[in-house]
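# Secondary and tertiary structure notes
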Amino acid sequence: MSITRSIRTPIMHRTVEANGFVFVGGTIADDTSVSMAEQTRNILGKITGYLKEAGSDASRIVSASIFVTDLSKKKEMDAVWTEFFGDNLPARATVGVADLGGSALIEVVVTALKG
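Residues numbered from 1 in each chain as written. Predicted model: local features only at pLDDT ≥ 70, side-chain atom pairs only at ≥ 80, totals over all residues. Heavy atoms only, no water.

### Topic: the nonpolar core
In this structure, Ile47, Ile61, Trp81, Ile106 and Val108 are the most contacted members of the largest nonpolar core, which totals 25 residues. Contributions of two or more residues to this core are made by strand E3 (21-27), helix H1 (36-53), strand E4 (61-68), helix H2 (74-85) and strand E6 (106-113). Contacts of isoleucine 106, omitting those with residues within four sequence positions, involve Thr27, Ile28, Met36, Gln39, Thr40, Ile43, Ile66, Phe67, Val68, Met77 and Leu100. (Core = buried A, V, L, I, M, F, W, Y, C linked by side-chain atoms within 4.5 Å. Buried < 20%, exposed > 50% of the residue type's maximum accessible area, 1.4 Å probe, protein only. Helix = DSSP H or I, 4+ residues; strand = E, 2+ residues; numbered from the N terminus. Contact = heavy atoms within 4.5 Å.)

Right under this line is the structure:
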């Protein structure tokens, strides 16, 4: 099994490809001063770009883990999420956390099929 790592940051690779899957590490919004909805849109756009670079796309996302600092804003995230994925919703877990660092309200991790 080959492993391909891409988009290195100081502490991780943004994507890792292995055994027909693309794993996208935790992604937060570029501008964390905006609403939950805007942060979610930005994150999904970034993930789309990472997947494209890895030879996949958002329609091939099979699983997502979402970490949010304020579960009372989850409905905002859900609205953007369902608009983005339509009928191709991946399996998902949403977890409330105390802090994501800075003012980030949401962090998303996804696994997609390659190709």
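### Topic: the pairing of strand E1 (residues 3-8)
Bridging between E1 and strand E2 (residues 13-18) involves five bridges; their strand directions are antiparallel. Paired with arginine 5 across the strands is valine 16, a residue of E2. The turn joining E1 and E2, which pair antiparallel and follow one another in sequence, is formed by four residues. (Pairing = 2+ DSSP bridges.)

### With respect to the packing of aromatic side chains
Summed over the entire model, instances satisfying the criterion amount to three aromatic pairs. Summarising the aromatic geometry, the rings of phenylalanine 84 and phenylalanine 85 are spaced 4.9 Å apart at their centres and angled 85 degrees between planes, so their arrangement reads as edge-to-face. Among the aromatic residues, those joined into a ring-pair cluster are Trp81, Phe84 and Phe85. For the cation-ring pair, arginine 92 lies above tryptophan 81, with the distance from its terminal atom to the ring centre recorded as 5.4 Å. (Phe/Tyr/Trp six-rings, centres within 6.5 Å; stacked < 30°, edge-to-face > 60°. Lys NZ or Arg CZ within 6 Å of the ring centre and 35° of its normal.)

### What about the pattern of salt bridges?
By the definition in use, this model includes five salt bridges. The shortest N-O distance in the salt bridge between lysine 46 and aspartate 30 comes to 3.0 Å. In this pair, lysine 46 sits in helix H1 while aspartate 30 sits in the loop between E3 and H1, placing the two residues 16 residues apart along the sequence. For arginine 41, the salt bridge goes to glutamate 38, with nearest N and O atoms at 2.8 Å. Note that arginine 41 and glutamate 38 are positioned in helix H1 at a spacing of three residues, about one turn of the helix. When its relative accessible area of 37% is taken as the criterion, arginine 41 is described as partly exposed. Exposure remark for glutamate 38: the relative accessible area of 40% places this residue in the partly exposed category. Within the structure, one salt-bridge network assembled from shared partners comprises Lys74, Asp78 and Arg92. (Salt bridge = Lys/Arg side-chain N within 4 Å of Asp/Glu carboxyl O.)

### A few points about the packing of H1 against H2
Here H1 crosses H2 at 35 degrees, and the two axes come no closer than 8 Å. As H1 packs across H2, the resulting crossing turns out to be right-handed. Judged by residue contacts, Met36, Ala37, Thr40, Arg41, Leu44 and Thr48 of H1 engage Glu76, Met77, Val80, Trp81, Phe84 and Phe85 from H2. Each residue belonging to the contact of H1 with H2 can be placed in one class, and the counts come to eight nonpolar, two polar and two charged. (Axes fitted to C-alpha atoms, helices over the stretch in contact; angles between N-to-C directions. Left-handed = near helix turned anticlockwise from the far one by under 90°. Nonpolar A, V, L, I, M, F, W, Y, C, P; charged D, E, K, R; others polar.)

Take it as geometry only, folks, not as evidence of what the structure does.
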